[in-house]
Amino acid sequence: EEASEPLRQRLAAIVEERSGDSIGLGNEDFYLYRGELDHQVKIHTNWDCLGAILRGTYDDVFEAVEIFLNLVIRKLRGSEAEEIVNEVIVIFRSAGSVYTVNKGGQIILSIPEETAKNIADIEEGLGSKSDEALDFFKRALRDLLSRGRTANDIVKDFAISMEDYIKAVSEKKDYGEALKALRARGVIAATQQGVLDKLYAYRGDAHGVAHSGNTEEPSTVDAVWFLETFVAQVKMIEAKIK
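Quick summary incoming for the structure in this document. (Residues numbered from 1 in each chain as written. Predicted model: local features only at pLDDT ≥ 70, side-chain atom pairs only at ≥ 80, totals over all residues. Heavy atoms only, no water.)

1. Regarding the environment of Leu179
Logical step 1: Position of Leu179 among the secondary structure elements: in helix H9 (residues 175-184).
Logical step 2: With residues up to four places along the chain from it excluded, the contact list for Leu179 reads Ile166, Ile188, Gln193, Leu196 and Asp197. (Helix = DSSP H or I, 4+ residues; strand = E, 2+ residues; numbered from the N terminus. Contact = heavy atoms within 4.5 Å.)

Here it is, written out as C-alpha cells:
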C-alpha cells in the first residue's frame, strides 16, 4: 500500500513523454493535452497529474495513472494507446508491485496463480450451496482486485459469504452450531473448526469491519489473507463432502 520512488519516477516519465501543454498540429492522435489531463486529475485529487504521481499517496498515484490511461485509450490512436498501456504494465511489473494494469487501463491487484485457480475451483461449491454466498464472494473479490471499496467492507462481505456457505453446508442457522455439526459429521477437523471460528471472530473483532473492536483496521493485505484462508477452507470442505 505504498508507491515506491522508482515506480513514481517511471510513471511520471511516461506521463511527461506522452503529454504536453502544446503538442502541435497533427499530433493529437499521439499525445495528450496536459491541461486536460491535469484538470481531470484535480477533480479526484488535490494534485495535478505529475504532482499526484510524485508526491501524493499511493491512492493518488493510482487515481492519476488510471485517469491518464483512460484518456490515452479514449483519445489516442489504437496502436499508440496499446503501446502506452503495455509500457505501464511493464513499469508495474519491473517495480515488483503487487498491482498490475489490465488492458482497459485499470490498476488491479495481482493475486498468485495458485490462489486464482483455487478461487475458480471453489466458486462452483459456493454457488451449489448458497446463491447469496456466491454473490457476496464475487462482489468482494471484484472490489478487492479493482480497489473498488475499503478493505473493511471487502472483509465483511467475505465473512458473510463464508457464514452463509457454512450454514448451508451444515443446514444450521447459527454459525457456531454449524461448525459443531460439521465437526460431528467428520467434515472438518478440530484444527479447521478453530480456523473457521477465528476467521469469523476476526470479522467482528477488527476495527471498522462489523463494529469498533480490538484489532487494527484491515488493510488490503489483510483482505488478501482472509480471502486465501477462506478459499483454502472451502476447498477442503468441498473435497471432504465429495
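That was the structure; now back to the text.
2. A closer look at the pattern of salt bridges
Logical step 1: For the structure shown, the criterion picks out 14 salt bridges.
Logical step 2: Of the charged contacts in the structure, one is a salt bridge between Arg18 and Glu83, with a shortest N-O distance of 3.0 Å. Placement of the pair is Arg18 in helix H1 (residues 5-18) and Glu83 in helix H5 (residues 78-94), with a sequence separation of 65 residues.
Logical step 3: Since its relative accessible area comes to 39%, Glu83 is described here as partly exposed.
Logical step 4: Here Asp143 ties to Arg142 by a salt bridge, and the two come within 3.3 Å at their closest N and O atoms.
Logical step 5: Ionic contacts of the salt-bridge type, sharing partners, join the residues Arg18, Arg77, Glu80, Glu83 and Glu87 into one network. (Salt bridge = Lys/Arg side-chain N within 4 Å of Asp/Glu carboxyl O. Buried < 20%, exposed > 50% of the residue type's maximum accessible area, 1.4 Å probe, protein only.)

3. Re the nonpolar core
Logical step 1: Residues Leu11, Phe68, Phe92, Phe137, Phe158, Ile166 and Phe226 are the most contacted members of the largest nonpolar core, which totals 70 residues.
Logical step 2: Of all the elements, helix H4 (residues 58-75) adds the most residues to this core, at ten residues.
Logical step 3: Here Ile166 is in contact with Tyr175, Ala178, Leu179, Leu182, Leu196 and Ile237, once residues within four sequence places are set aside. (Core = buried A, V, L, I, M, F, W, Y, C linked by side-chain atoms within 4.5 Å.)

4. Some words on helix H11 (residues 220-241)
Since there are 3.6 residues in each turn of an α-helix, residues three or four apart along the chain are aligned in direction.
Logical step 1: For H11, spanning 22 residues, the distance from its first C-alpha to its last is 32 Å, which sits close to the expected 32 Å at 1.5 Å a residue.
Logical step 2: Here H11 has its buried residues at Thr220, Ala223, Val224, Phe226, Leu227, Thr229, Phe230, Val231, Gln233, Val234, Ile237 and Glu238. (Expected span 1.5 Å × (residues − 1).)

5. Quick word on the packing of aromatic side chains
Logical step 1: A full pass over the atoms with the stated rule returns nine aromatic pairs.
Logical step 2: Measuring from centroid to centroid gives 4.3 Å for Tyr175 and Tyr200, while their planes differ by 20 degrees, and the two rings are stacked. Here Tyr175, found in helix H9, pairs with Tyr200, found in helix H10 (residues 190-205); they are 25 residues apart in sequence, far enough to count as distant.
Logical step 3: Classification of Tyr200 as partly exposed rests on a relative accessible area of 27%.
Logical step 4: Between Tyr202 and Trp225, the aromatic rings sit 5.4 Å apart at their centres with planes inclined by 80 degrees, giving edge-to-face as the arrangement. Here Tyr202 is found in helix H10, whereas its partner Trp225 is found in helix H11, with 23 residues between them in sequence.
Logical step 5: The class for Tyr202 is buried, based on a relative accessible area of 14%.
Logical step 6: For Trp225, a relative accessible area of 42% corresponds to the partly exposed category. (Phe/Tyr/Trp six-rings, centres within 6.5 Å; stacked < 30°, edge-to-face > 60°.)

6. Description of the packing of helix H2 (residues 34-44) against H4
Logical step 1: Where H2 meets H4, the axes come as close as 10 Å, and the angle between the chain directions of the two elements is 140 degrees. Classed by the angle they form, the pair H2 and H4 counts as oblique. The interaxial crossing formed by H2 with H4 has right-handed handedness. Two secondary-structure elements touch here, H2 through Glu36, Leu37, Gln40, Val41 and His44 and H4 through Glu63, Ala64, Ile67, Phe68, Leu71 and Lys75.
Logical step 2: Looking at the contact of H2 with H4 residue by residue, the class counts come to six nonpolar, two polar and three charged. (Axes fitted to C-alpha atoms, helices over the stretch in contact; angles between N-to-C directions. Parallel < 35°, antiparallel > 145°, perpendicular 65-115°, else oblique. Left-handed = near helix turned anticlockwise from the far one by under 90°. Nonpolar A, V, L, I, M, F, W, Y, C, P; charged D, E, K, R; others polar.)

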